[in-house]
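Residues per chain are reported as follows:
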Amino acid sequence: MSLRRLGAIFRKEGLHILRDPRSLAAALLVPVVMLLLFGYALTLDVDRVPTAIHDLDRSPASRALIERFRGSRYFTVIQQEGGYAAIEEGIDRSRLLLGVVIPENFSEHLARGEEARVQLLLDGSDSNTAALAAGYAESLVLAYSADRRDAALRARGMKELEMPLDARVRVLYNHELKSKNFIIPGLIAVILMIISALLTSLTIAREWETGTMEQLLSTPVRPAELLLGKLMAYFVLGMADMAVALVLGLGLFGVPLNGSFWLLVFFSALFLFGALCWGILISTVARSQLLAFQASMVSSFLPAFLLSGFMYAIENMPLIVQQVTRIVPARYFVTALQGIFLKGVGMEVLWKEALFLFIYAGLVFTLAARKMRQKIA
Amino acid sequence: MWERIRQIVVKELRQALRDPRMRAILIGPPLLQMIIFGYAVNLDVEQVRLAWSDLDRSARSRELRERFSGSPYFTIVAEPEGEAEAVRLLDRGHAQAVIRLMPGFGAGVARGEQQDVQVLLDGANSNSAAIIAGYAAGVIGAYNRELLHQQQMRKLVGRTRDGPVRLALPGVRAETRIWFNPELKSRNYFVPGTIVNIIMLVTLMLTALSVVREKEIGTMEQIMVTPIRPLELMLGKTIPFALVGLFDMALVTTVALVVFRVPLRGSVLVLLLASALFLLTSLGAGLFLSTVSSTQQQAMLGSFFFFLPALMLSGFTFPIRNMPEPVQWLTSINPLRYFMEIVRGLFLKGVGIEVLWPQLLMLGAFGVLILWSSARRFRKRLD
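One numbering rule holds for all chains: residues counted from 1, following each sequence as written. Key to labels: chains lettered from A, ligands numbered from 1, both in the order written. Per-residue local features are limited, in this predicted model, to residues with pLDDT of at least 70; the limit for side-chain atom pairs, both in listing and counting, is 80 or more; totals at the level of whole chains, interfaces and linings are taken over all residues.

Observations concerning the sheet that holds strand β2 (residues 75–79) of chain A
Stage number 1. Spatial strand order, β2(A)-β1(A)-β3(A)-β4(A)-β7(B): five strands in an open sheet with mixed pairing. Edge positions in the open sheet fall to β2 of chain A together with β7 (171–179) of chain B, since each of these has one partner strand only. Between one strand and the next, the sheet's axes are offset by a mean angle of 30°, whatever the strand orientation.
Stage number 2. Sheet contacts for helix α3 (residues 60–71) of chain A: β1 (49–55), β2 and β3 (98–102) of chain A; angle to β1(A), the most-contacted strand, approximately 175°.
Stage number 3. Residue pairs are scored as contacts if the distance between their C-beta atoms, which are placed from the backbone, is within 7 Å. Between N-to-C directions, angles cover 0 to 180 degrees, with each direction set by a line fitted to C-alpha atoms, over the stretch in contact for helices. The helix count covers DSSP runs of H or I at least four residues long, the strand count covers runs of E at least two residues long, and both are numbered beginning at the N terminus. Those strands touched by helix α6 (residues 127–155) of chain A are β1, β3 and β4 (115–123) of chain A together with β7 of chain B, and its axis lies near 165° from that of β7(B). Pairing between strands is defined by DSSP: at least two bridges between the two strands are required.

Comments concerning the nonpolar core
Stage number 1. Core analysis: the largest hydrophobic core is formed by 158 residues, its most contacted members being Leu187(A), Ala189(A), Ile191(A), Leu192(A), Cys277(A), Phe333(A) and Phe339(B).
Stage number 2. The element contributing the most residues to this core is helix α7 (residues 179–210) of chain A, with 18 residues.
Stage number 3. Excluding residues that lie within four positions of it along the chain, Leu187(A) makes contacts with Met34(A), Leu35(A), Phe38(A) and Phe310(A).
Stage number 4. Residues of type Ala, Val, Leu, Ile, Met, Phe, Trp, Tyr and Cys that are buried and joined through C-beta atoms within 7 Å form what is called a nonpolar core. Any residue with 12 or fewer other C-beta atoms within 10 Å of its own C-beta is exposed, any with 20 or more is buried, and the rest are partly exposed; the C-beta atoms used are placed from the backbone. Ranked by size, the runner-up nonpolar core spans 64 residues in total, among them Ile53(A), Phe69(A), Ile91(A) and Leu140(A).

Observations concerning the pairing of strand β2 (residues 74–78) of chain B
Residue and element names in this part refer to chain B.
Stage number 1. Pairing of strand β1 (residues 48–54) with β2, which is carried by four bridges, proceeds in the parallel orientation. What sits directly across from Leu 50, in β2, is Ile 76.
Stage number 2. A clockwise path from the first strand over the helix to the second, with the strands pointing away from the viewer, defines a right-handed crossover. In this view, the connection linking β1 to its parallel neighbour β2 by way of helix α3 (residues 59–70) has right-handed handedness.

Regarding the interface of chain B and chain A
Frequently, the measure chosen for interface size is the accessible area that the parts lose on association.
Stage number 1. Taken together, the contact between chain B and chain A spans 86 residues of the former and 88 residues of the latter.
Stage number 2. Going through the elements one at a time, α2 (20–40), α4 (83–91), β4 (115–122), α6 (126–155), β7, α7 (187–217), α11 (296–312) and α13 (335–349) of chain B are the ones with two or more residues in the side of chain B that touches chain A.
Stage number 3. Top element by residues in the side of chain B that touches chain A is α6(B). It accounts for 16 residues.
Stage number 4. Gly counts as polar in this scheme, as do all residues outside two lists: the nonpolar Ala, Val, Leu, Ile, Met, Phe, Trp, Tyr, Cys and Pro, and the charged Asp, Glu, Lys and Arg. Looking at the side of chain B that touches chain A residue by residue, the class counts come to 53 nonpolar, 20 polar and 13 charged.
Stage number 5. Judged from the nine bridges that link them, β4(A) and β7(B) form a sheet pairing that is parallel. Looking across to β7(B), one finds that Leu121(A) is bridged to Arg177(B).

Concerning the packing of helix α9 (residues 230–258) of chain B against helix α10 (residues 268–292) of chain B
Residue and element names in this part refer to chain B.
Stage number 1. Between α9 and α10, the shortest axis-to-axis distance is 10 Å and the interhelical angle comes to 130°. On the basis of their axis angle, the class for α9 and α10 is oblique. In terms of crossing hand, the pair formed by α9 and α10 is right-handed. Residues Met 234, Thr 238, Phe 241, Ala 242, Gly 245, Leu 246 and Met 249 of α9 form the contact with α10, whose participating residues are Ser 275, Leu 279, Leu 283 and Leu 287.
Stage number 2. Its residues placed into classes, the contact of α9 with α10 shows eight nonpolar, three polar and no charged. Roughly parallel covers angles under 35 degrees, roughly antiparallel covers those over 145, roughly perpendicular covers 65 to 115, and oblique covers all other angles. Throughout, a crossing is termed right-handed when the near helix is turned clockwise from the far one, and left-handed when it is turned anticlockwise from it by less than a right angle.

Re the domain arrangement of chain B
Stage number 1. Where each domain begins and ends follows an automated or database-derived domain assignment. Assigned domains of chain B: these are domain 1 (2–42 + 187–382) and domain 2 (48–165).
Stage number 2. Measuring from the centre of the C-alpha atoms in domain 1 of chain B to the corresponding centre in domain 2 of chain B gives 51 Å.

Comments concerning unusual backbone geometry
Excluding glycine, residues mostly have negative phi values, and the peptide bonds linking residues are mostly trans.
Stage number 1. One non-glycine residue, Ser94(A), lies in positive phi territory at about 60°.
Stage number 2. Note that Ser94(A) resides in the loop between α4 (83–92) and β3.
Stage number 3. The phi dihedral of Arg57(B) is positive, around 50°, even though this residue is not glycine.
Stage number 4. Topologically, Arg57(B) is positioned in the loop between β1 and α3.
Stage number 5. We classify Arg57(B) as exposed; it has 11 C-beta atoms within 10 Å.

Observations regarding the environment of Ser268(A)
Residue and element names in this part refer to chain A.
Stage number 1. Along the polypeptide, Ser 268 turns up in helix α10 (residues 261–286).
Stage number 2. Given 24 C-beta atoms within 10 Å, Ser 268 falls into the buried group.
Stage number 3. When the C-alpha positions of Ser 268 and Leu 192 are compared, they lie 8.5 Å apart, and in sequence the two are 76 residues distant.
Stage number 4. Leaving out residues up to four positions away in the same chain, Ser 268 has contacts with Ile 188, Leu 192 and Met 242.

Re the domain arrangement of chain A
Stage number 1. Each assigned domain of chain A is listed here: domain 1 (3–42 + 178–376) and domain 2 (49–155).
Stage number 2. Inter-centroid distance (C-alpha atoms) of domain 1 of chain A to domain 2 of chain A is 49 Å.

Observations concerning α7(B)
All names here are of chain B.
Stage number 1. Here the expected length of a helix is defined as 1.5 Å per residue gap, with one fewer gap than residues. With 31 residues, α7 should reach 45 Å at 1.5 Å per residue; the first-to-last C-alpha distance of 43 Å fits that figure.
Stage number 2. Most of α7 sits inside the fold, with 25 of its 31 residues counted as buried.
Stage number 3. Gly 218 sits one or two positions beyond α7 and adopts a positive phi of about 90°.

Printed below as a string of structure tokens:
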């Protein structure tokens, strides 16, 4: 292993990257575009649910309930005319998500001290939004019900009823329950994976396709030096992407970093190294760019996006798929990222993830080096 | 003219189906994606891992515990003693929620004083946390009502000459009815969306690559010396991939219906019509990419950067309604969004053309516009 030859390969690869401005721009724009999309535009939080209210009672009591819906930030009342048919049509056309029907005898029941009913009609096609919206609407009705009961007790000169139990919910790690706080840390894993998969997997296949590999072979460079030199160049690019993602995530979107900054850098470096080795391994084996690209899409981008727990919780998947996620390195990296960013935990909790990523990187590096030696020798 | 188009179509189909690796690419990745997406993309929360920290150990606390262990949503996985241990369980992800009952809970309930039930949640995944909070509130609320009822029976019973009477108190009950997807399975929502993005990815990439490959390996020159005209070449290049697209559509729709048991409530004919209109867009975009790229790498990178934002801004996972308003306007020029709305409307709601005509119209308009402008560009490049 000679540092001079290593340096030469690193310089050559660096020049390749700098001379293809289109690909370089793409590499640096990926994190910016993804973070802007996820930070500004994409959220799973539910508020301003478009709601129609059909009030058959038209009493002070029903108007008081409607006022509650109007005052809540979770609902936007956009329609109060037209009845059932209009609600049905609105939901069919996806203009409405929720219909609230207050029946004719609503105030009558309340006045007699009986239980009145309110019908909530929900569009369940987006199950996630529907479950959250149903929860908000039910607790709003419950609060109204408790207030009516207390008012009735006061009117009779009695003490208000106290609920026997009071559920005190305390949320750890992400107090405001903002989806961007858990998506943006995981996004770093996806971004690093895209960079290493899209760029590295083509780097050696391209040398074969364009015939420059033969020229490289005629130089005294050794397979390990070639591998490490190429790795280093893309490693620098990947860490630059990581820095861009961090600056945007922490600075622009105010995602909290509760854990150690250096631990974060350590994990990113470890993961990036393994991912780059994987890209190079594919590239060495595949020989054609089309095949290399397809293989790296299926083996690195899709698992990082879908099976890492970055957005879709692993514990909800079928058992077999859960077992498959155990061999997805991005899964361990996402766990580490969310742990460092949100939970502020350190090595004492994350050592298993570090160990897996370390073994993975070592294994893939050895494989890539061996394949490279075979192909070249 | 038709004869020359037919020749190109036959050549393309032969080229695509002759190579076993190409055949694999037409069928393998769409199936694989359908299966990974179908199983992995899921926002439901089932079987919450709950840690139960009971410092009271009374009959009342055991009663509440039974409520939780009897609920289909919760599984009690640990019984930590102190707060430190409970937090450690959350830190390591062994538990998603902890419920703590303080000493004196049972005695307090018996005296009719309000007692706290502490719920600690792992908020790292905010979406799961909000749903778990809802489940816990439901279980505690039901127990609450029962306790209240018992207390009311004791406290509020007055005596008259005719015997005991209960004081009548007003209340409101919400009756929730969920349409289209009553079990609230997110799979029913995501699987139809997956069909859309698979069709997009397959047809976009194949079209872009098929033209660029001819340029890269130099066979484009050979085609140019034949009497074929640019328009005919373009039609000949796109018709085979339209057929492939429709074939893949049928394939993944079958998987969705058979493997994932997603309901298809609307008309198959409207689905076919919408797919055909959408293919105009994706084939047009593929042609456009082939005119701007000179190597296969550029074409692949290009299709990736076209595909990803189009998917994210189509409402596939993230509801468009929640986006900031300028971004919502942006989504209205995204053809994928209209196709997504049509497919979901057909699968889940079973609505027909009478509801979906605006989306179909937009899809058709975008398709014609995109295909027409790329065709013009394509022709200029060839002349």
